[in-house]
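Listed below are the residues making up each chain.
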Amino acid sequence: MQRPDIHDRIEAQRLEREAHGRIRVRRSVVRRDGVGCEVDGRWLLDFCGNDYLGLAQHFAVVDALQDSAARNGAGGVASHLVCGHHAAHDALEQEMADWLGTPRALLFGSGYTANLAVVQSLLGDGDTCVQDKLNHASLIDAARLADCRLRRYPHGDVEGAIRQLRALPEGAAMIATDGVFSMDGDIAPLRELALVARAQHAMLYVDDAHGVGVHGPDGRGSVAAARLDAGQVPLQLATLGKALGSHGAVLCGDAALIQHISETARPYIYTTALPPAQAAAALAAVKLARREQWRRDKLQESIAHFRAGAQKLGLSLLPSDTPIQPLLCGDDRTASAMSAALEQSGFWVAAIRPPTVPEGSARLRITLSTGHDRLQIDALLHGLARARDQLSGRRAATPA
Ligand SMILES: *Cc1c(COP(=O)(O)O)cnc(C)c1O
């Protein structure tokens, strides 16, 4: 038999990851209190989570979850098209459509499955999905599942998107992009992409997992910030597990497209509905995010303060106005060593390494939240400078 043994193969792959410093380990959080959390018996300040508005532990959100769970239970019971669809899901969908100003909204159990659903139900064999090179993995996987042609243009390169669409004039086409890029924190050139989409008769789909709640007027996200509407961006995705402090994702946009997706997308049909209690929690969080502009204002002040401080200390951050503030380290080991040094000083900033980011661009993905105060941000800045100085000192002292 010539068949490879799966155990042997994965062992070889693990050794390979080890040799490249790419072993991935999970850390268990024992308790969370705002931006603080207990990990391995120590109390760390979290600077890598996505709870940008500090809503995940808000009493109104937790209260809504408990109240709904008491009446509806903890589970989703069945898929939406069988008997799992609940009035709490409707209420959340309506609130999201109203907030983002779109004709309709559809709730999913996660952003990952929502992306799979959109591309799979709208594109197929012979169609084309054009994507930014730095798009989230779920969009890439979505095009693979859809069995369409996937073309990736260099990050933010609108000309590249046009060229790829022109080269494939047959079949339906979609341009799919992150609104705010998850690992870089910069924003897609949505107005230009909307023009390309129109000229090339392609549909523009924006995954705004890191934009909705944080960016744009009333926190309505990157599409609203670019002054585009459902005509130009027929579908956009808001996820609920990041700035909205809960769980799930809501696809917002054109009613006919959404109806089609709800009836045909396998990642929508063949999965259990999000528990109603989660939808109730998300609804409470969305209402807070809409109403409490001060959360965005405070976050923006923190971003400006952090960037000014980093500049003074000579820390070169990637350009970003969002709560995602990456510090490039280059090689994987430097990123991991920086992360470990920060942990020694009481900060949790995970190192992000390939394949999550391109080769040679390992980084600390520092994230800010409304929950951080100025003293904590200043302390992080000094921790970062100290970690950098320690590491460069150590490197200088080691003969090459
Ligand atoms: C996190 C993320 C997703 C996945 O959303 P989940 O709800 O966590 O599954 C999709 N797209 C982008 C850009 C993301 O950052």
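Keep in mind that what you see is a predicted model, and the values were worked out from it rather than measured.

*Asks:* Just give me the short version of the overall build of the protein chain, but keep the residues and values in it.
*Replies:* Within the protein chain one finds 15 helices and 14 strands. Based on the C-alpha atoms only, the size of the protein chain along its principal axes is roughly 65 × 55 × 50 Å. Here the protein chain has roughly 18600 Å² of accessible surface; of this, 52% comes from carbon and sulfur atoms. Across the protein chain, the mean location of the 43 positive side-chain charges is 3 Å away from that of the 45 negative side-chain charges.

*Asks:* Describe in detail the site of the ligand, supporting the description with residues and values.
*Replies:* In the region of the ligand, 13 residues are neighbours, and Gly-111, Tyr-112, Asp-207, His-210 and Lys-242 sit closest. Here a nitrogen atom of the ligand sits 3.5 Å away from a polar atom, N or O, in the side chain of His-136. Separating an oxygen atom of the ligand from a side-chain N or O atom of Lys-242 is a distance of 2.7 Å. Relative to its unbound accessible surface of 380 Å², the ligand loses 83% to contact with the protein.

*Asks:* Give a description of the domain arrangement of the protein chain that names residues and reports values.
*Replies:* As far as domains go, the protein chain holds domain 1 (29–53 + 293–397) and domain 2 (59–291). Relative to domain 2, the C-alpha centre of domain 1 lies at a distance of 28 Å. On the side of domain 2, 20 residues touch domain 1, which itself brings 21 residues to the contact. Where domain 1 abuts domain 2, roughly 1500 Å² becomes buried across the two surfaces, and 58% of that area is made up of carbon and sulfur atoms. When the buried surface of domain 1 facing domain 2 is broken down by residue, Leu-53, Arg-296 and Thr-322 rank first, second and third, together holding 31% of it. Put simply, domain 1 and domain 2 have 1 salt bridge between them. The shortest N-O distance in the salt bridge between Asp-184 and Arg-363 comes to 2.9 Å. Remark: the boundary between domain 1 and domain 2 carries 10 residue pairs in polar contact (both at pLDDT 80 or more). In terms of residues, the side of domain 1 that touches domain 2 owes the most to one element, helix α13 (residues 293–312), which gives 3 residues. Each residue belonging to the side of domain 1 that touches domain 2 can be placed in one class, and the counts come to 11 nonpolar, 5 polar and 5 charged.

The rules behind these values
Residues numbered from 1 in each chain as written. Predicted model: local features only at pLDDT ≥ 70, side-chain atom pairs only at ≥ 80, totals over all residues. Heavy atoms only, no water. Helix = DSSP H or I, 4+ residues; strand = E, 2+ residues; numbered from the N terminus. Areas by Shrake-Rupley, 256 points an atom, 1.4 Å probe, with all protein chains shown as cover. Lys, Arg positive; Asp, Glu negative; His and termini not counted. Charge placed at Lys NZ, Arg CZ, Asp CG, Glu CD. Near = heavy atom within 4 Å. Polar contact = N/O pair within 3.5 Å; in protein donor to acceptor, adjacent residues only side chain to side chain. Domains from an automatic or database assignment. Contact = heavy atoms within 4.5 Å. Buried area = accessible area lost by both parts, 1.4 Å probe. Salt bridge = Lys/Arg side-chain N within 4 Å of Asp/Glu carboxyl O. Nonpolar A, V, L, I, M, F, W, Y, C, P; charged D, E, K, R; others polar.

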